[in-house]
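Listed below are the residues making up each chain.
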Amino acid sequence: MNTVKTVRELRAAVARARGEGKRIGLVPTMGNLHSGHAALVAKATQRVDFVVASIFVNPLQFGPSEDLDKYPRTLAADQERLVQAGCSLLFAPSAAEMYPDGMAGQTRVSVPQLSEGLCGTSRPGHFEGVATVVSKLFNMVQPDLAVFGQKDYQQLAVIRALVRDLNMPIQIIGEPTVRAEDGLALSSRNGYLSQEQRALAPLLYQVLSQVAAQVSQGRRDYPALLEQAKQVIAQAGFVPEYLEIRHALTLRPATADDRDLVILVAANLGTTRLIDNLHLDLDHDPQHS
Ligand code: PAF
């Protein structure tokens, strides 16, 4: 696996692969890779012949008080993991390569509605930063397909919308969240947790599962159900940011008649913000009677 740092080298390597008749896949990441990322690369290798991964901690998607500076940078370990996962090429640009004229005048891509609410409330501008950098990466690589994790559910919805709305001929694949044995969704930010917080963190997924079970059993008083579940999280020591049931495709607040649902949570544990979600399709749910 080669690592390239400039758009010029990236385009040259991708053009060579295309010249050999290969189909191209892209897995955009911010590095500090774990088995969840490896699963994204592995999925891409099943679908295409040449997989490009990118590692770029994108300043445009971080708010002023967020963890841009302390976000873990682990390039050597990441390269090893990518080789093992079957990646063909790593693109690891600098901020100056991605934003040569700085960020202030950078053209932005914004996806209204889907970017609002949920994580968009506490992270204003975040999804615009994501949509912008992902659009840039798509234009640089021009992949046939790109793979993203379902853990960032709202992000995946935003990316699907931008590809559709801007007529980009790229297939977007959402890969299921990879979890630790105790249920905690893998995330680079889990590394910020103390031992005690790490022991507490799986509660988020347990609560999502409990909410899903109650909905499966027919409960439809969502506000009351979610309020109770939030209290469980708060009593355990989290500061809940949101816990919501939304329509799985549109992300609008779910009504009692909706069948395709997603339950989404964001909560802070100390200074670490954790997110997770659970998709619940009542028409294909074994628990539902
Ligand atoms: O999910 C991430 O790691 C980032 O938001 C992404 C998609 C690589 C854009 O910077």
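Quick caveat: nothing in here was measured; it's all calculated off a predicted structure.

Participant: In this structure, what is going on with the site of the ligand? I would like to understand it.
Facilitator: Inspection of the region around the ligand gives Pro-28, Thr-29, Met-30, Gln-61, Val-130, Val-133, Phe-148, Asp-152 and Gln-155 as its neighbouring residues. Here an oxygen atom of the ligand and a side-chain polar atom of Gln-61 are 2.6 Å apart. Take Gln-155: an N or O atom from its side chain is 2.7 Å from an oxygen atom of the ligand. Here the residues of the shell around the ligand sort into five nonpolar, three polar and one charged.

Participant: How do you make sense of the nonpolar core when you look at a structure like this?
Facilitator: Where a protein is soluble and globular, its nonpolar side chains tend to be buried together. Of all hydrophobic cores here, the largest spans 50 residues; its most connected members are Leu-10, Val-52, Phe-91, Phe-138 and Ile-172. Taken together, the elements giving at least two residues each to this core come down to α1 (7-19), β2 (24-29), β3 (50-55), β4 (89-91), α6 (126-141), β5 (145-149), α7 (153-165) and β8 (260-269). Broken down by element, this core gets its largest block of residues, nine residues, from α6. Residues contacting Val-52, with those up to four places away along its chain left out, are Leu-10, Val-14, Ile-24, Gly-25, Leu-26, Val-27, Cys-87, Leu-89, Phe-91 and Val-141.

Participant: Looking at this structure, I do not really get the sheet that holds strand β6 (residues 171-175). What am I missing?
Facilitator: Each strand in a sheet pairs with its neighbour through backbone hydrogen bonds, running either in the same direction (parallel) or in the opposite one (antiparallel). Strands sit in the order β1-β4-β3-β2-β5-β6 across an open sheet of six strands; the sheet is parallel. Edge positions in the sheet fall to β1 (2-4) and β6, since each has one partner strand and no second. On average, adjacent strands in this sheet sit at an angle of 25 degrees to one another, irrespective of strand direction. Where β2 lies against β3, six bridges are found, and the strand directions are parallel. Across the sheet, the residue bridging to Pro-28 is Ser-54, located in β3. Contacts from helix α3 (residues 75-85) reach β1, β3 and β4, with the element oriented near 160 degrees to β3.

Participant: It is not clear to me how the packing of aromatic side chains should be interpreted in this structure. Could you clarify?
Facilitator: The description of two aromatic rings rests on the distance between their centres and on the angle between their planes. According to the stated counting rule, one finds three aromatic pairs in the structure shown. Between Phe-56 and Tyr-99, the aromatic rings sit 6.1 Å apart at their centres with planes inclined by 50 degrees, giving tilted as the arrangement. Residue Phe-56 is located in the loop between β3 and α3, and its partner Tyr-99 is located in the loop between α4 (95-98) and α5 (119-122); the two are separated by 43 residues in the primary sequence. Given the relative accessible area of 7%, Phe-56 is considered buried. The class for Tyr-99 is buried, based on a relative accessible area of 4%.

Participant: I'm lost on the UniProt feature "active site" (unreviewed entry) in the protein in this one. Help?
Facilitator: Under the present numbering, the feature "active site" (unreviewed entry) in UniProt falls on His-37. Tracing the chain through its elements places His-37 in helix α2 (residues 35-47). A residue is classified by how much of its surface remains accessible, and His-37, at 14% relative accessible area, is buried.

Participant: Which parts of the structure should I look at to understand the pattern of salt bridges?
Facilitator: When their charged atoms lie close together, side chains carrying opposite charge are able to pair. Considering all chains together, one arrives at 13 salt bridges under this definition. Between Asp-67 and Arg-189 there is a salt bridge, and its shortest N-O distance comes to 2.9 Å. Placement of the pair is Asp-67 in the loop between β3 and α3 and Arg-189 in the loop between β6 and α8 (195-200), with a sequence separation of 122 residues. By relative accessible area, which is 19% here, Arg-189 ends up buried. Between Arg-246 and Glu-244 there is a salt bridge, with its nearest N and O atoms 2.7 Å apart. The exposure class assigned to Arg-246 is buried, which follows from its relative accessible area of 10%.

Participant: Which parts of the structure should I look at to understand the pairing of β5?
Facilitator: Successive side chains on a regular strand alternate, one facing one side of the sheet and the next facing the other. With four of its five residues buried, β5 lies for the most part within the structure. When β5 meets β6, the two strands line up parallel, connected through five bridges. Across the sheet, Gly-149 pairs through a bridge with Glu-175, a residue of β6. As a crossover connection, the stretch from β5 through α7 into β6 is right-handed.

Participant: Teacher, can you tell me more about the packing of α1 against α6 here?
Facilitator: Contact geometry for α1 and α6: axes closest at 9 Å, N-to-C directions at 50 degrees. Accordingly, the angle class assigned to the pair α1 and α6 is oblique. Residue-level contacts link Val-7, Leu-10, Arg-11 and Val-14 of α1 to Asn-139, Met-140 and Val-141 of α6.

Participant: Looking at this model, I keep getting lost on α7. Mind explaining?
Facilitator: Note on helix geometry: an α-helix contains 3.6 residues per turn, so any two residues three or four positions apart are oriented the same way. Relative to the 18 Å expected for 13 residues at 1.5 Å per residue, α7 spans 18 Å between its end C-alpha atoms, a close match to the ideal helical length. Here α7 lies mainly inside the structure; ten of its 13 residues are buried. The complete set of buried residues in α7 reads Tyr-153, Gln-154, Gln-155, Leu-156, Ala-157, Val-158, Ile-159, Ala-161, Leu-162 and Val-163. Of the surrounding elements, those touching the buried residues of α7 are α5, α6, β5, β6, β8 and β9 (272-281). Two residues or fewer after α7 comes Asn-167, characterised by a positive phi angle close to 55 degrees.

Thresholds applied
- Residues numbered from 1 in each chain as written.
- Predicted model: local features only at pLDDT ≥ 70, side-chain atom pairs only at ≥ 80, totals over all residues.
- Heavy atoms only, no water.
- Near = heavy atom within 4 Å.
- Polar contact = N/O pair within 3.5 Å; in protein donor to acceptor, adjacent residues only side chain to side chain.
- Nonpolar A, V, L, I, M, F, W, Y, C, P; charged D, E, K, R; others polar.
- Core = buried A, V, L, I, M, F, W, Y, C linked by side-chain atoms within 4.5 Å.
- Buried < 20%, exposed > 50% of the residue type's maximum accessible area, 1.4 Å probe, protein only.
- Helix = DSSP H or I, 4+ residues; strand = E, 2+ residues; numbered from the N terminus.
- Contact = heavy atoms within 4.5 Å.
- Pairing = 2+ DSSP bridges.
- Axes fitted to C-alpha atoms, helices over the stretch in contact; angles between N-to-C directions.
- Phe/Tyr/Trp six-rings, centres within 6.5 Å; stacked < 30°, edge-to-face > 60°.
- UniProt positions renumbered as here; feature names shortened; annotations may be inferred.
- Salt bridge = Lys/Arg side-chain N within 4 Å of Asp/Glu carboxyl O.
- Right-handed = clockwise from strand over helix to strand, strands pointing away.
- Parallel < 35°, antiparallel > 145°, perpendicular 65-115°, else oblique.
- Expected span 1.5 Å × (residues − 1).

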